[in-house]
Amino acid sequence: MARDQVLDSLRRTLGRGVARLGRELRELHELHERATAEPDGAPVTLTRFLRETGRPLDDVYTGDAGWRDVQVAAGLAAPDVDADLASRGLGRLCHVDEPTRLRRYRALTDDGAPPPGPLDARRLAMLDAQLQKRGVLRAAEEVADWYRARPAVRAELRELTAVLEDKPGLAGDVYPEADWPLALHRRYSRYEIVTAVGDRASGDKISVPQAGILKLDASRRELLFVTLDKSSGNFSPTTSYRDRAISRDLFLWETQGRTRVASAAGRRYLDSATNGWRFFLFVQTAKDEPYVFLGGATYRSHDGDRPIAITWHLDAPLPAVLYEAFALLAPG
């Protein structure tokens, strides 16, 4: 009974939030009509709404609501279960800070767009995995066709990607691995990462590895997933490692607690100068935050056993802002 009361209260609170945003959107729409003398003219865009209300994007995309919910509350769109659910899902793209990917999503969902090449096919797989997070990964063309067949959803995708691309400080993208649509120092979820590197393909069940590593045996590449802030209850003392940036081009990473220097995993890391294995760091500041792709890393030195503390040399130095964030989370 208490649980139902809490859920009812939460729904009412969320409803009030969407209603408030809807009133603000309606007021902007009416101002626009009066200024242009064009009743029912072009709708107020997401960009304009955010600019003129001063609201951040996460006021609109809350996880339980999206831009269409605001439009419906303003009386500017009719409820549509398919489009409304898709709108809420689009909020899971709000972390994307890779301009190339944002532009490609707009181009790939255009009417008459040519079939995607290998990199764009993986970008569409990333989109599908991130927005579904369950079910089966669809083929790239099927994903693009799904958006083309839903004008309202496609229009919102275009608006949202334009807002994200307009954020300050986004320079050109650099891709360390030619076959991965993963840009250096950009942010990604695990769902996006595993599809970008080809570990999930169309027809596969959408899922992510729960361990801190992902081995790609065919190409002898290994992904190292690092969470810096382990103060939450999701980490036991045996998994509270000392991972951190120790300079702009050196990163300290600890293996799993049971990994020994003499083990196969230990030798894979320590002998990587000669065994052909390459390693790539993905770092998040806290659980449930997106990962920042730090690119490739080469073995520099190690200390201890079970776990092994490995110092990696980053192929690309960290920007100052990332170094400060990743170093400040050092223990002690």
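The sections below set out a description of the structure shown in this document.

Cut-offs used in this document
Every chain begins its residue count from 1, and numbering advances along the sequence as written. Totals for whole chains, interfaces and linings use every residue, but because this is a predicted model, local features are given only for residues with pLDDT of at least 70 and side-chain atom pairs only at 80 or more, for both listing and counting. Derived side-chain values reflect all non-hydrogen atoms in the structure, with water molecules and hydrogen atoms excluded from consideration. Helix and strand assignments come from DSSP, with helices taken as H or I runs of at least 4 residues and strands as E runs of at least 2, each series counted from the N terminus. Exposed residues in this analysis have more than 50% of their type's maximum accessible area, buried residues have under 20%, and partly exposed residues fall in between, with area computed by a 1.4 Å probe over protein chains only. The contact criterion used throughout is that any non-hydrogen atoms of two residues lie within 4.5 Å. We get accessible surface area from the Shrake-Rupley algorithm with a probe of 1.4 Å; when it comes to residues, only the shown protein chains can shield them. Within this scheme a cavity is a closed region of a 1 Å grid, computed over the protein atoms alone, that accommodates a 1.4 Å probe without allowing it to escape, whereas a pocket is open but has protein on both sides within 12 Å along at least five of seven lines; lining residues each have an atom within 4 Å of a point. Grid points are joined across faces, edges and corners, and a volume is the space filled by probe spheres set on the points. Each residue is assigned to one of three groups, with Ala, Val, Leu, Ile, Met, Phe, Trp, Tyr, Cys and Pro labelled nonpolar, Asp, Glu, Lys and Arg labelled charged, and all others, Gly among them, labelled polar. For the charge count, each Lys or Arg is scored as positive and each Asp or Glu as negative, with His and the chain ends excluded. The salt bridge definition used is simple: a Lys or Arg side-chain nitrogen within 4 Å of an Asp or Glu carboxyl oxygen. Within 3.5 Å is the distance limit for a polar contact, defined as a pair of N or O atoms, with the added protein rule that one can donate a hydrogen and the other accept it, and that residues adjacent in sequence qualify only through two side-chain atoms. Working definition: a ring pair exists when centres of Phe, Tyr or Trp rings (six-membered ring for Trp) sit within 6.5 Å. Plane angles under 30 degrees give stacked, over 60 give edge-to-face, the rest tilted. Inter-axis angles, ranging from 0 to 180 degrees, are taken between N-to-C directions of lines fitted to C-alpha atoms, where helices are fitted over the stretch in contact. Under this scheme an angle from 65 to 115 degrees is roughly perpendicular, one under 35 degrees roughly parallel, and one over 145 degrees roughly antiparallel; angles in between are oblique. Take the far helix as the reference: if the near one is turned anticlockwise from it by less than a right angle, the crossing is left-handed, and if turned clockwise, right-handed. Strands are treated as partners if at least two bridges between them are detected by DSSP.

Along the protein, the regular secondary structure elements total 13 helices and eight strands. Burial statistics for the protein: of 332 residues in total, 45% are counted as buried. Relative to all contacts within the protein whose residues are 6 or more apart in sequence, the contacts with residues 24 or more apart total 62%. In the structure as shown, the protein presents an accessible area of about 16,400 Å², 52% of it carried by carbon and sulfur atoms.

It is worth spelling out the layout of surface pockets at this point. Put simply, the second largest pocket is a space of about 200 Å³. For the lining of the second largest pocket, the secondary-structure elements that each account for two or more residues are helix 12 (272–275), strand 6 (278–286) and strand 7 (291–303). Broken down by element, the lining of the second largest pocket gets its largest block of residues, five residues, from strand 7. Here the lining of the second largest pocket is composed, by residue class, of nine nonpolar, four polar and three charged.

Here the focus is the side chain of Glu156. Topologically, Glu156 is positioned in helix 9 (residues 151–165). Of the side chains bearing the opposite charge, Arg68 lies closest to the buried Glu156, which forms no salt bridge; the N-O distance is 5.6 Å. Within the structure, the side chain of Glu156 is placed 2.7 Å from the side chain of Ser87, a separation counted as a polar contact. Among all residues touching Glu156, those that are not within four sequence positions of it are Tyr61, Trp67, Arg68, Ser87 and Leu90.

Regarding helix 5 (residues 81–90), the residues found buried are Ala83, Asp84, Ala86, Ser87, Gly89 and Leu90. The elements touched by buried residues of helix 5 are helix 4 (67–73), helix 7 (118–132), helix 8 (140–148) and helix 9. Where helix 5 begins, the capping side chain belongs to Asp80, and its oxygen is found 3.0 Å from the backbone nitrogen of Asp82.

In total, this model carries 29 salt bridges according to the counting rule given. One salt-bridge network, held together by shared partners, links Glu177, Asp179, Arg221 and Arg278.

Glancing now at the packing of aromatic side chains. Taken as a whole, this structure holds twelve aromatic pairs when the rule is applied. Ring centres 6.3 Å apart and planes at 90° place the aromatic pair Tyr269 and Trp312 in the edge-to-face group. Of this pair, Tyr269 sits in helix 11 (residues 264–270) while Trp312 sits in strand 8 (residues 309–314), and the two are 43 residues apart along the sequence. What makes Tyr269 buried here is its relative accessible area of 3%.

A few words on the packing of helix 5 against helix 9. Here helix 5 crosses helix 9 at 20°, and the two axes come no closer than 10 Å. Taken together, the axes of helix 5 and helix 9 are roughly parallel relative to one another. Pair helix 5 / helix 9 crosses with right-handed handedness. Along its contact with helix 5, which presents Ala83, Ala86, Ser87 and Leu90, the element helix 9 presents Val153, Glu156, Leu157 and Leu160. Looking at the contact of helix 5 with helix 9 residue by residue, the classes come out as six nonpolar, one polar and one charged.

With that settled, the discussion passes to unusual backbone geometry. The omega torsion of the bond from Arg306 to Pro307 falls at 5°, within 30 degrees of zero and hence cis. Along the chain, the position of Pro307 falls in the loop between strand 7 and strand 8. Residues other than glycine seldom take positive phi values, yet Lys133 does so here, at roughly 60°. You can see Lys133 is positioned in the loop between helix 7 and helix 8. The residue Arg220 is not glycine, and still its phi comes out positive at about 55°. Looking at where Arg220 falls in the secondary structure, it is placed in the loop between strand 2 (213–216) and strand 3 (221–229).

Before going further, it helps to spend a moment on the pairing of strand 8. Among the six residues of strand 8, five are classified as buried, and the element is accordingly described as predominantly covered. Note that strand 5 (residues 250–254) and strand 8 share five bridges and pair antiparallel. Directly across from Leu250, in strand 8, lies its bridge partner His313. Both strand 7 and strand 8 contribute to a ladder of six bridges, which runs antiparallel. Among the inter-strand pairings, Tyr299 is bridged to a residue of strand 8, identified as Trp312. Turn length for the strand 7-strand 8 hairpin, with the two strands adjacent in sequence and antiparallel, is five residues, and the turn residue Gly304 shows positive phi of about 80°.

Moving on to the pairing of strand 5. Of all five residues in strand 5, five are buried, a share of seventy percent or more. The antiparallel pairing of strand 4 (residues 244–245) with strand 5 creates a hairpin that spans four residues between the two strands.

By the secondary structure assignment, Ala125 is in helix 7. For the pair Ala125 and Ser202, spaced 77 residues apart in sequence, the C-alpha to C-alpha distance is 7.7 Å.

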